[in-house]
Amino acid sequence: MELTTAYHKLMTFNKKYTYIMKDGQIVFNNGWAWIVVFQALNRRNFAIVKYCNGQYSVVEM
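In what follows, the accompanying structure is described. Model, not experiment: these values are computed from the prediction. (Residues numbered from 1 in each chain as written. Predicted model: local features only at pLDDT ≥ 70, side-chain atom pairs only at ≥ 80, totals over all residues. Heavy atoms only, no water.)

What about the pairing of strand 2 (residues 33–40)?
Looking at chain direction, strand 1 (residues 19–29) and strand 2 are connected through six bridges and run antiparallel. Each residue of the ladder has a partner; that of Gln25, found in strand 2, is Val37. Counting the residues between successive antiparallel strands, the hairpin from strand 1 to strand 2 contains three residues, one of them, Gly31, with a positive phi of roughly 105 degrees. Here strand 2 folds back onto strand 3 (residues 46–52) in antiparallel fashion, the turn holding five residues, of which Arg43 has a positive phi close to 65 degrees. (Pairing = 2+ DSSP bridges. Helix = DSSP H or I, 4+ residues; strand = E, 2+ residues; numbered from the N terminus.)

Quick look at the structure:
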């Protein structure tokens, strides 16, 4: 559930690189907050989707 939600939030973000859902990995989940990392198709860049207190934030690296 978190992976799908994070991918949809990433798709609504103004992203520079292309991501696919199967490259996402949940790195932290305690029920009310979670962090999902997606690797770009170029294998050099990443997107981090964070959920905490009902708000989402997306960062590309």
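Examining the side chain of Asn45
Counting through the fold element by element, Asn45 comes out in the loop between strand 2 and strand 3. Judged by its relative accessible area of 13%, Asn45 is buried. In terms of polar contacts, Asn45 uses its side chain to reach the side chain of Asn42, at 2.7 Å. Excluding anything up to four places from it in sequence, Asn45 contacts Tyr17, Phe38, Gln39, Ala40 and Met61. (Buried < 20%, exposed > 50% of the residue type's maximum accessible area, 1.4 Å probe, protein only. Polar contact = N/O pair within 3.5 Å; in protein donor to acceptor, adjacent residues only side chain to side chain. Contact = heavy atoms within 4.5 Å.)

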